[in-house]
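# Coordinates in review
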Amino acid sequence: MRRPLLPQRLVPQRMRAVLQRRADWLPTVRRVSLYGLALAAGTMALQWLDYQRLARAHSDDITLFLIAAGFLALGVAVGVRLMRPAPPLPAEGNVQAQAGLGISARELTVLRELAAGRSNKEIALVLDISPNTVKTHLARLFEKLGAQRRTDAVNRARELGLVP
């Protein structure tokens, strides 16, 4: 006969029965757990052996895949560096060229609007000045940049780094 888990005087009768039923299940639970662990270990061993066979049978393919993945990563890294856009010019543009040519801040603003492709009227509306003032600023810019047309002035300003 089994020995009681706790002294009988400390545990009520109903509780004693529950503990006794649990005690009957414990060996079964241990046995099932051990069988489960043994099956899991066997499955892991079979998977490892299958992996070893696969790795040996397809070692050339695996090597080629790893080399291709390396070249892919290298190509992406080089492509990202080469295709990175040039850093934008500072908002002031080339300050030395601006000072050397004697271009005022307002003329530079008009030049930026001109480079954006706006007409005289549009520039006047954006800057809140009259169209005649825009014409005056453009005439001075053409003279300072040595340009005959709007496109010449924009190209020269881009060469000097005054506008993006």
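Residues numbered from 1 in each chain as written. Predicted model: local features only at pLDDT ≥ 70, side-chain atom pairs only at ≥ 80, totals over all residues. Heavy atoms only, no water.

### Structural notes on the packing of helix α4 (residues 105–115) against helix α7 (residues 150–160)
Where α4 meets α7, the closest approach of the two axes is 10 Å, and the angle between their N-to-C directions is 110°. In terms of their interaxial angle, α4 and α7 are classed as roughly perpendicular. On the side of α4, the interface is formed by L111, L114 and A115, while α7 contributes R150, A153, V154, A157 and R158. (Axes fitted to C-alpha atoms, helices over the stretch in contact; angles between N-to-C directions. Helix = DSSP H or I, 4+ residues; strand = E, 2+ residues; numbered from the N terminus. Parallel < 35°, antiparallel > 145°, perpendicular 65-115°, else oblique. Contact = heavy atoms within 4.5 Å.)

### Focus on unusual backbone geometry
Its identity as a non-glycine residue notwithstanding, D128 has a phi of 60°, on the positive side. Counting through the fold element by element, D128 comes out in the loop between α5 (120–127) and α6 (131–145). Looking at D128, the relative accessible area reads 70%, which means it is exposed. (Buried < 20%, exposed > 50% of the residue type's maximum accessible area, 1.4 Å probe, protein only.)

### Looking at α5
Given 3.6 residues per helical turn, the α-helix brings residues three or four places apart onto the same face. Every buried residue of α5 is accounted for by N120, I123, A124 and L127. All buried residues of α5 lie within an arc of 100° about the axis, which places them on one face of the element. Relative to its buried face, α5 has exposed residues pointing more than 90 degrees away, namely K121 and L125. The elements touched by buried residues of α5 are α4, α6 and α7. Once α5 finishes, D128 follows within two positions and takes phi at roughly 60°, a positive value. (Arc of directions from axis to C-beta.)

### Side note on the pattern of salt bridges
Throughout the structure, instances matching the rule amount to 5 salt bridges. For the salt bridge of D152 with R149, the shortest nitrogen-to-oxygen distance reads 3.3 Å. Its relative accessible area of 27% is what places D152 among the partly exposed residues. Taking relative accessible area as the criterion, R149 reaches 52% and is therefore assigned exposed. We note a salt bridge from E159 to R156, for which the minimum N-O separation is 3.8 Å. Of this pair, E159 and R156 both sit in helix α7, 3 residues apart, roughly one helical turn. When its relative accessible area of 64% is taken as the criterion, E159 is described as exposed. (Salt bridge = Lys/Arg side-chain N within 4 Å of Asp/Glu carboxyl O.)

### Details of the nonpolar core
The biggest cluster of nonpolar side chains holds 21 residues, and the ones touching the most others in it are L111, L114, L145 and L162. Sorting the residues of this core by element identifies α4, α5, α6 and α7 as the ones contributing at least two each. For this core, the leading source of residues is α6, giving 5 residues. Among residues more than four places away in sequence, those in contact with L145 are L101, I103, L111, A153, R156, A157, L160 and L162. (Core = buried A, V, L, I, M, F, W, Y, C linked by side-chain atoms within 4.5 Å.)

### Overview of a nonpolar patch on the surface
A contiguous nonpolar surface patch, about 690 Å² in accessible area, is contributed by I67, F71, L74, V78, L82 and M83. By the element assignment, F71 lies in helix α2 (residues 59–82). For F71, a relative accessible area of 59% translates into the label exposed. (Patch = residues over 30% accessible without salt bridge, like charges linked within 9 Å, V, L, I, M, F, W, Y side chains within 5 Å. Areas by Shrake-Rupley, 256 points an atom, 1.4 Å probe, with all protein chains shown as cover.)

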